[in-house]
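Each chain, written out:
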Amino acid sequence: MAEIELHGTWPSPYSYRVLWALKLKGIPYEYVEEDLSNKSPLLLQYNPVHKKIPVLVHGGKPICESMIILEYLDETWPQNPLLPSDPYERAVVRFWVKFIEDKGPSAWVVFRTSGEEQEKAVKDSLEMLKTIEEHALGEKKYFGGDKIGMVDIACSGIAHWLQVIEEVVGIKILEPHKFPRLHAWTKTFKEAPIIKDNLPNQDEMLVFFKQAREKLLASA
Amino acid sequence: MEKPRSEVVLYGTWASAYCTRVQLALKLKGIAYEYVEEDLTNKSESLLHYNPVHKKVPVLVHKGKPIAESLVILEYIDDCWNNSPNLLPLDPYQRAKVRFWANFYDQKIIPSSYAVVLSKGKEQENAIKEFNELLTVLEEGIEKDFSTKFPFNGEREALGFLDIVVGAHACNYRALEEAVAVVVEPKEHPAFLSWVTKLKEYPLMKETLPPHDKLAARMRERFSLAPKRNIATL
């Protein structure tokens, strides 16, 4: 068994959060692709509570929940820190991480639903983006300042997956003129060295998520 | 705005478990603070200024700079005042486990308890069943993940992160049961109840928790008459 294993799935933004953190810190790891339609006994053993990916396994010990994994990585491998060193700035980062964890999923509700439920989810998503644009990003290049930090990684769904959701459901949410700073950030983030070489192919994601949505609506 | 306050100010409400958490942490660390009771039906300018995103309590203001969200505040307190006792363990893997269960409690157990109080009849029966199932997951998970037996603070003198996160909310369960319905099946959860009972006896917890009768009366007023309530004003 490798010292560090990342159990994930290729279309998952949560998987990528951990992958980027590992690469940004130069931590060698082995990647294990999980099949969520047929969960492996190992995954169920490593994450019995949620049965989800990503799971980081370090020396046989599993850590679950992507943002908790990131804190673990930052504490265990301090090089290229994802969190600032000042306690107050760290609190601000953790506030925004919590915000995106709580509010971010509304975009996935847009993906999974239709009609009134979807309309409400679109509204929630717009509110979420507005708050981030106005209060979290400001005039900075990255949420982390002049380099990528934990909030950038947490918000990556907005940078790369939201477009896919928008195309699949046919609703534009992140409109450049409405969210100029956030829009600029999505470009900057995706052009950053480690990120741009480690993004799931958007065409492949389109196919995957289109099929997934069709299945969801058919069984609804 | 009004005159400048003390170096550490906590904006809160007496009935809120999230606020109790912060008070416990501040007191454990021996941090002097000023407490400001908010009226959530008439939020102060200060609160709206310090927490424009959520407009909620608790908010901790340290030297004029605000921090919101109870778990974020607890981590800040531990970070900033790194004197003993430590709220979080020092080992990164232990910290990850503590954070995992704190998140689980907030994302699963607390919403489930709201579902119980906000429903009636058959719906409430189902909510109670789900709540107990989640409690089992919590009990089994904590027993598996941590070597100290219940109560969690077995080897230590002081409360730890999970004692604070869970205790501030769970220690009030009797008030909730008096007001609404019996929620925790004692035979199903002896470990959890033993932990909560020990926590309730802890002097700091006793002096910081809201008074039982007052809380039960408040819960009766809010929950036992009309099931659909604005829980933001708790």
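Higher on the page you've got the structure.
Source: prediction; values computed, not measured.

Enquirer: Describe the overall build of chain A, listing the residues and the values that go with them.
Expert: Counting secondary structure elements, chain A contains 11 helices and four strands. The C-alpha radius of gyration of chain A comes to 17 Å, within 12% of the 17 Å expected for a compact globule of 220 residues. In terms of overall dimensions, chain A has a C-alpha envelope of 45 × 45 × 30 Å along the principal axes. By the burial criterion, 50% of the 220 residues in chain A qualify as buried. Intrachain contacts of chain A at a sequence separation of at least 6 include 69% that bridge at least 24 residues. Only carbon and sulfur atoms are counted for the fraction: they give 53% of the accessible area of chain A, which is about 10400 Å². Of the side-chain charges in chain A, 27 are positive and 32 negative, and the distance between the mean point of each set is 2 Å.

Enquirer: Give me the layout of surface pockets: which residues, what numbers.
Expert: In this model, the second largest pocket occupies a volume close to 410 Å³. Contributing to the lining of the second largest pocket are 19 residues, with Y46, P48 and P62 of chain A together with K144 and D145 of chain B lying nearest its centre. Looking at the lining of the second largest pocket, the elements with two or more residues in it are α2 (41–46) and β4 (61–64) of chain A together with α4 (92–117) and α5 (121–145) of chain B. Here the residues of the lining of the second largest pocket are counted per class, giving 12 nonpolar, three polar and four charged.

Enquirer: Outline the pairing of strand β1 (residues 4–8) of chain A, supporting the account with residue identities and numerical values.
Expert: Residues and elements named next belong to chain A. Of all five residues in β1, five are buried; the element is thus mostly enclosed. Residues of β1 alternate between two faces, with I4, L6 and G8 on one and E5 and H7 on the opposite face, all of them buried. As paired elements, β1 and strand β2 (residues 30–33) share four bridges and run parallel to each other. Residue pairing for β2: E5 is matched across the bridge by E30. Handedness of the β-α-β unit built from β1, helix α1 (residues 13–24) and β2 comes out right-handed.

What counts and what doesn't
Residues numbered from 1 in each chain as written. Chains lettered and ligands numbered in written order. Predicted model: local features only at pLDDT ≥ 70, side-chain atom pairs only at ≥ 80, totals over all residues. Heavy atoms only, no water. Helix = DSSP H or I, 4+ residues; strand = E, 2+ residues; numbered from the N terminus. Rg over C-alpha atoms; globule rule 2.2 N^0.38 Å. Buried < 20%, exposed > 50% of the residue type's maximum accessible area, 1.4 Å probe, protein only. Contact = heavy atoms within 4.5 Å. Areas by Shrake-Rupley, 256 points an atom, 1.4 Å probe, with all protein chains shown as cover. Lys, Arg positive; Asp, Glu negative; His and termini not counted. Charge placed at Lys NZ, Arg CZ, Asp CG, Glu CD. 1 Å grid on protein atoms, 1.4 Å probe; cavity = no way out; pocket = protein on both sides within 12 Å on 5 of 7 lines; lining within 4 Å. Points joined across faces, edges and corners; volume = space filled by probe spheres on them. Nonpolar A, V, L, I, M, F, W, Y, C, P; charged D, E, K, R; others polar. Pairing = 2+ DSSP bridges. Right-handed = clockwise from strand over helix to strand, strands pointing away.

Without other data, these values stay purely geometric and don't point to any function.
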